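# Summary of the model geometry
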Amino acid sequence: MTHLITGNKFDPNTDIPDLSGKIYVVTGGSSGIGFGIVAHILQHNPAKLYLLGKKEEHIQWAQDELKKYGDTSKIVPVQIELEDLHNVDEVAKRLAKELHQLDGLICNAGLGVGVYNETPKDGIDSHMQVNFISQFHLTMVLLPLLQQTANSRLVLQSSDLHRAISDVQFASLAEINRDIGPTMLYNRTKLAQVLFVRAMARRLEKGELGFDANSHTGPWINAVHPGGVSTDQPKQAEDAYGKLASAAVAVLRPLMKDPVDEGCRPALFAATSEDIVKDKVQGQYIVPDRKVTEPSKQAKDEQLQENLWRLTEEILSDKLRSLPYRTQYVDPMAKEGLHGQPAGRQ
Ligand SMILES: NC(=O)c1ccc[n+]([C@@H]2O[C@H](COP(=O)([O-])OP(=O)(O)OC[C@H]3O[C@@H](n4cnc5c(N)ncnc54)[C@H](OP(=O)(O)O)[C@@H]3O)[C@@H](O)[C@H]2O)c1
């Protein structure tokens, strides 16, 4: 591994290669770590950079701040509501139509530790929908573009908290829609991201889902952990746990990383470094700055990976009615024609 020679440091100011001609999509690029990711990609001269965010004022703030890093005419701001699957579907299809290549999709947007809510339009635990299900859909719609772009990257912003969750099967929506507490709701989504990365890398290895098993040109698919980073997320934990959390955050915040200087590093390493290709870093879990590390035992459980994939497709097929990509799960009811149309395989 190259890092044994170069050390574990990845300084985005100097270690990101020239990105001329490349196109990136970053979710949650409007604040926190995502802003740091966007700023450093912009600094290295991409052709285009799609900045996806929820709040208009945050997107505007990010566009103003980005002037310090590079040519903001390269930024394409896109408002997306990950709590609304139909909106995610529209944005994903728009991007798929507009783009002819995609060098990197960085799924970074996320809700932090926070109270249980169901999304108003789709009726799904908001943590699971925002952090995982919506971005699974975005990924699947954009996958053909990643597959046709040499050495492209798919990066999921996970967390070491993926290790701290038990009693999860991903068996049904009813299981997802249970209030298991603010921390566990978050941890479950971070586990889902690592499970997905490994399931996707396995499909790539087997040449499924349109992957070419004999090609060694990517996409390179990895999950990352940014470390403890000083962003809006700790504030969400304060809202969930009250004064005790506020006191803990007050103590810990000075020890947390700055999102632009440091919190963005593992994602940027996975999304841009040529060492990913040189060292064939595929389906891995990367911790600051660039260390490939074993994820939890649960994250490596293939049955759990497949349960998650099946349930996610099932939920998406149910809420969106038809999916614009080939799914793997076959709904027996749909097969028998009981829903009126075959399960979304188009
Ligand atoms: N901070 C940490 O210590 C830490 C540790 C481990 C992992 N992470 C992970 O790092 C990622 C970024 O977190 P952060 O700390 O940078 O948090 P943040 O500052 O709160 O940023 C979250 C981003 O996600 C976007 N977002 C949230 N809900 C959305 C929705 N419904 N639709 C569309 N976009 C939405 C936000 O958009 P708006 O700004 O427009 O609201 C924002 O850009 C998350 O996946 C988080 O789990 C963070």
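Each chain has its residues counted from 1, following the order in which its sequence is written. Restriction of local features to residues with pLDDT of at least 70 applies here, the model being predicted, together with a cutoff of 80 or more for giving and counting side-chain atom pairs; totals for whole chains, interfaces and linings are based on all residues.

In the annotation of an unreviewed UniProt entry, the protein is listed under the name Oxidoreductase bli-4, mitochondrial and assigned to Cryomyces minteri.

## Overview of the nonpolar core
Residues of type Ala, Val, Leu, Ile, Met, Phe, Trp, Tyr and Cys that are buried and joined through C-beta atoms within 7 Å form what is called a nonpolar core. Labels follow a simple rule on C-beta atoms placed from the backbone: if 20 or more others lie within 10 Å of a residue's own, it is buried; if 12 or fewer, it is exposed; otherwise it is partly exposed. Among the nonpolar cores identified, the biggest contains 91 residues, and Ile37, Val38, Leu51, Ile106, Leu142, Val155 and Ala267 are the most heavily contacted of them. Here, residues touch in the contact sense if the C-beta positions derived from the backbone fall within 7 Å of one another. In contact with Val155, not counting residues within four places along its chain, are Gly104, Ile106, Cys107, Asn222, Val224, Ala267, Ala270 and Ala271.

## As for the site of the ligand
Taken together, 28 residues surround the ligand, and among them Gly28, Gly32, Leu82, Gly110 and Thr231 come closest. Put simply, DSSP H or I for four residues or longer makes a helix, DSSP E for two residues or longer makes a strand, and each gets a number counted from the N terminus. Top element by residues in the shell around the ligand is helix 3 (residues 32-43). It accounts for three residues. Basically, the charged four are Asp, Glu, Lys and Arg, the nonpolar ten are Ala, Val, Leu, Ile, Met, Phe, Trp, Tyr, Cys and Pro, and anything else, Gly included, counts as polar. Considered class by class, the residues forming the shell around the ligand number nine nonpolar, 14 polar and five charged. Near, as applied to residues and a molecule or strand, means the residue's backbone-placed C-beta atom lies within 6 Å of it.

## A short note on the sheet that holds strand 3 (residues 75-79)
Here eight strands make up an open sheet; going across it, the order is 3-2-1-4-5-6-7-8 and the pairing mixed. The open sheet is flanked by strand 3 and strand 8 (291-293), the only strands paired with a single partner. Pairwise comparison of adjacent strand axes, ignoring direction, gives a mean angle of 25° for this sheet. The pairing of strand 1 (residues 23-27) with strand 2 (residues 48-53) spans five bridges and is parallel. Residue pairing across strands places Ile23 opposite Lys48, the latter belonging to strand 2. Each pair of strands is called paired provided DSSP finds at least two bridges between the two strands. Simply put, an axis is a line fit to the C-alpha atoms, just over the touching stretch for a helix, and the angle between two N-to-C directions goes from 0 to 180 degrees.

## Topic: the pairing of strand 3
Successive side chains on a regular strand alternate, one facing one side of the sheet and the next facing the other. Alignment of strand 2 against strand 3, held across five bridges, turns out to be parallel. Its bridge partner lying in strand 3, Tyr50 is registered against Val76. Looking down the strands as they point away from the viewer, one classifies a crossover as right-handed if the path from the first strand across the helix to the second runs clockwise. As for the winding sense of the linkage, the β-α-β connection from strand 2 through helix 4 (residues 56-65) to strand 3 is right-handed.

## Topic: the environment of Val260
When you line up the elements, Val260 lands in helix 11 (residues 259-263). Using a count of 20 C-beta atoms within 10 Å as the deciding quantity, one classes Val260 as buried. C-alpha separation for the pair Val260 and Arg178, spaced 82 residues apart in sequence, amounts to 35 Å. For Val260, the contacting residues outside a window of four places in its chain are Phe35, Gly36 and Ala39.

## Overview of helix 5 (residues 85-98)
Expected span, for any helix, means 1.5 Å times one less than how many residues it has. Given a rise of 1.5 Å per residue, 14 residues ought to cover 20 Å, and the 20 Å separating the end C-alpha atoms of helix 5 matches this to within 8%. Looking at the buried side of helix 5, the elements it contacts are strand 1, strand 2, strand 3, helix 6 (126-147) and helix 14 (302-320).

## Describing the packing of helix 6 against helix 14
One can describe the packing of helix 6 onto helix 14 by two numbers: an axis separation of 10 Å at closest approach and a directional angle of 80°. Here helix 14 runs roughly perpendicular to helix 6, going by the angle between their axes. Only Thr312, Ile315 and Leu316 of helix 14 make contact with helix 6, whose side of the interface consists of Ile133, Phe136 and His137. Broken down by class, the residue content of the contact of helix 6 with helix 14 amounts to four nonpolar, two polar and no charged. Note that the term roughly parallel is reserved for angles under 35 degrees, roughly antiparallel for angles over 145, roughly perpendicular for angles of 65 to 115, and oblique for everything else.

## Structural notes on unusual backbone geometry
Between Gly218 and Pro219 the backbone carries a cis peptide bond, its omega angle lying at 0°. Its place among the elements puts Pro219 in the loop between helix 8 (182-206) and strand 6 (220-224).

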